[in-house]
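Inside the fold
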Amino acid sequence: LFQSPEFKEHTLSWTVVANNEQESNDIAKIIHEIKKHMSPALAFGGIAYRYPSVAHIKFHPNDDFTFKFKPAVVLSVNVDYGGAGMPSFFKNGAPTVVNISMLLKEIGLWTKQDY
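Residues numbered from 1 in each chain as written. Predicted model: local features only at pLDDT ≥ 70, side-chain atom pairs only at ≥ 80, totals over all residues. Heavy atoms only, no water.

1. Overview of the pairing of strand β5 (residues 97-106)
Worth spelling out the cut-off: DSSP bridges decide pairing: two strands pair if at least two such bridges lie between them. A run of DSSP states H or I qualifies as a helix once it reaches four residues; a run of E qualifies as a strand once it reaches two. Both are numbered from the N-terminal end.
By the bridge criterion, 9 bridges tie strand β1 (residues 9-17) to β5 in an arrangement that is antiparallel. Within β5, the position partnered with Leu12 by the bridge is Met102. Examined bridge by bridge, strand β4 (residues 72-80) and β5 share 8 bridges and lie antiparallel to one another. Bridge pairing links Val79 to Ile100 in β5.

Written out as structure tokens, the structure reads:
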């Protein structure tokens, strides 16, 4: 029996391969930014929280042929630094292959008028 609409959840996954240590550093920065924006911020002297960032996701070059998203928040991000099936690192310790998986939850409901 229908009780109420629910917000959609999506899992997006990528395997990213670094060709050099600088690209591996760039991957680490991307992961850091995702984790930063999925976290709440302290407000009012640390006695309350502000909402995490809202993601506006769009596939490029044209999302008319793929998924469309309502604004969403990142619920979790999982990072596997042994993305090649076994650990592989550059001389400075940076990983060469990383699997990233992100769980998103839309914060807007889809209605018939959206289609």
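Read on for the rest.
2. Remarks on the pattern of salt bridges
Here is the rule: Salt bridge criterion: a side-chain nitrogen from Lys or Arg within 4 Å of a carboxyl oxygen from Asp or Glu. Only protein chains enter the calculation, and the probe is 1.4 Å; a residue is then buried if its accessible area is under 20% of its type maximum, exposed if over 50%, and partly exposed in between.
Going through the model one piece at a time under the given rule, you end up with 3 salt bridges. Residue Lys36 is joined to Glu33 by a salt bridge in which the shortest nitrogen-to-oxygen separation is 3.6 Å. Pair noted here: Lys36 and Glu33 are both in helix α1 (residues 21-38), with a separation of 3 residues, about one helical turn. Under the relative-accessibility criterion, Glu33 is labelled partly exposed at 35%. Lys70 is the partner of Asp114 in a salt bridge, and the nearest nitrogen-oxygen pair spans 3.1 Å. Of this pair, Asp114 sits in the segment after β5 while Lys70 sits in the loop between β3 (48-50) and β4, and the two are 44 residues apart along the sequence.

3. Some remarks on α1
Heads up, the rule is: The span you would expect from a helix comes to 1.5 Å times its residue count less one. As used here, the arc is the angular range of directions from the helix axis to the C-beta atoms. We call two residues in contact when some of their heavy atoms are within 4.5 Å. What qualifies as a polar contact is a pair of N or O atoms within 3.5 Å, subject to a donor-acceptor requirement within protein and to the restriction that residues adjacent in sequence count only when both atoms come from side chains.
Taking 1.5 Å as the rise per residue, α1 with 18 residues should run 26 Å; its terminal C-alpha atoms sit 26 Å apart, in good agreement. Residues Ser24, Ile27, Ile31, Ile34 and Met38 constitute the buried set of α1. Seen from one end, α1 has its buried residues packed into an arc of 80°, which puts them on one side. Contacts from the buried residues of α1 go to β1, β4 and β5. For α1, the N-terminal capping position is held by Asn20, with its side-chain oxygen 3.1 Å away from the main-chain nitrogen of Gln22.

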